Amino acid sequence: MRTPLLAANWKMHKTVPDAVGFVTAFAPRVAAVTDADIVLAPPFTALAAVADACRNSRVAVAGQNLHWASQGAFTGEIGAGMLVDAGATHVILGHSERRQLFGEDDAVVARKTRAAIDAGLTPIVCVGETLDQREAGETLTVLGRQLEGSLAGVTPAEIAALVVAYEPVWAIGTGRTATPDQAQDAHAHIRRRLAEIGGDEAADRCRLLYGGSVKPANAEAIGGQTDVDGALVGGASLDPGSFAEIVDAARRAAL
Ligand code: 13P
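Cut-offs used in this document
- Residues numbered from 1 in each chain as written.
- Predicted model: local features only at pLDDT ≥ 70, side-chain atom pairs only at ≥ 80, totals over all residues.
- Heavy atoms only, no water.
- Phe/Tyr/Trp six-rings, centres within 6.5 Å; stacked < 30°, edge-to-face > 60°.
- Helix = DSSP H or I, 4+ residues; strand = E, 2+ residues; numbered from the N terminus.
- Buried < 20%, exposed > 50% of the residue type's maximum accessible area, 1.4 Å probe, protein only.
- Expected span 1.5 Å × (residues − 1).
- Contact = heavy atoms within 4.5 Å.
- Axes fitted to C-alpha atoms, helices over the stretch in contact; angles between N-to-C directions.
- Parallel < 35°, antiparallel > 145°, perpendicular 65-115°, else oblique.
- Left-handed = near helix turned anticlockwise from the far one by under 90°.
- Near = heavy atom within 4 Å.
- Polar contact = N/O pair within 3.5 Å; in protein donor to acceptor, adjacent residues only side chain to side chain.
- Areas by Shrake-Rupley, 256 points an atom, 1.4 Å probe, with all protein chains shown as cover.
- Nonpolar A, V, L, I, M, F, W, Y, C, P; charged D, E, K, R; others polar.

## Remarks on the packing of aromatic side chains
Right, on to step 1. Scanning the model with the defined rule gives 4 aromatic pairs in all.
Right, on to step 2. Relative to F22, the ring of W10 has its centre 4.7 Å away and its plane inclined at 65°; by these criteria the two rings are edge-to-face. Taken together, the positions of W10 in the loop between strand 1 (5–9) and helix 1 (16–29) and F22 in helix 1 put the pair 12 residues apart, joining distant regions of the chain. In terms of burial, W10 and F22 fall into one category: buried.
Right, on to step 3. Taking 5.2 Å as the distance between ring centres and 35° as the angle between the ring planes, the aromatic pair formed by F22 and F26 counts as tilted.

Pasting the structure below:
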């Protein structure tokens, strides 16, 4: 059985007081949750404060990106060891906003994935097709290519321990969600490809999250799909009540 994982991607939102205020409201709300893993990904500036605020809870903390080098002359970048130092245990990699707006390709994501694993972080590796690619019937090919490229050099044991997020680009921040069937089809394909890359056991253990306009109202239906093991939530994770409702919905779906 895969434990559901709910991850909040705050993107470029929240100051330190806003972020700590979220945890103050959210942590008690999920204090009794032992059947799901919860991760908050604040902006870099709030990482240490959020990690500190989460210290006596089961809520973990993630970076939203990293640089593949451990240190050096890379102005504006953050290394994996720095994320660990700030209290992160996870890191989101290859988000479509990084791919589209900041030019990251699969080779870059692979280098970042390796750096994350070597530093002891759990990567949440994002893949997903654009609307044009979906309409051209290329969804499964694109997902396979992204997976293969982004996980190049990753061992079966490492695949088992990492997280893949399927985020159709057309569903991110648009209010347009993949149907539960569309999500399941994509996730089943991702799991098949993971099995080809790392074997059946690794594919079976790897958690696959859906992301793209997840809300309290649709989280249970999507989370109830066989190969959906949780969600990566943007907009609806900014409010503690709404994200807590999504956690509850995903737990109901996993029953
Ligand atoms: P929304 O939930 O705002 O659509 O964002 C999804 C996302 O990009 C999470 O990483």
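## Side note on helix 7 (residues 139–150)
Right, on to step 1. A rise of 1.5 Å per residue sets the reference length of helix 7, with its 12 residues, at 16 Å; its end C-alpha atoms lie 16 Å apart and thus fit the reference within 8%.
Right, on to step 2. Tucked inside the fold, the buried residues of helix 7 contact helix 4 (96–101), helix 5 (106–118), strand 5 (122–127), helix 6 (131–135), strand 6 (163–166) and helix 9 (180–198).

## Remarks on the packing of helix 1 against helix 2 (residues 44–53)
Relative placement of two packed helices is described by the angle separating their axes and the distance separating the axes.
Right, on to step 1. Running from amino to carboxyl end, helix 1 crosses helix 2 at an angle of 25°, the nearest separation of the two axes being 9 Å. The orientation of helix 1 with respect to helix 2, classified from their angle, is roughly parallel. Of the two elements, helix 1 crosses helix 2, and the hand of that crossing is right-handed. Across the interface between the two elements, V16, A19, V20 and V23 from helix 1 touch T45, A46, A49, V50 and A53 from helix 2.

## So, the site of the ligand
Right, on to step 1. Residues in contact with the ligand, as listed here, are N9, K11, H95, E167, A171, I172, G173, G212, S213, L232, G234 and G235.
Right, on to step 2. E167 is positioned such that a nitrogen or oxygen atom in its side chain is 2.8 Å from an oxygen atom of the ligand.
Right, on to step 3. Between the ligand and G173 there is a distance of 2.6 Å, counted from an oxygen atom to a backbone nitrogen or oxygen.
Right, on to step 4. A total of 310 Å² of accessible area belongs to the ligand in isolation, and the protein chains cover 96% of it.
Right, on to step 5. Taken together, the residues of the shell around the ligand sort by class into 3 nonpolar, 7 polar and 2 charged.

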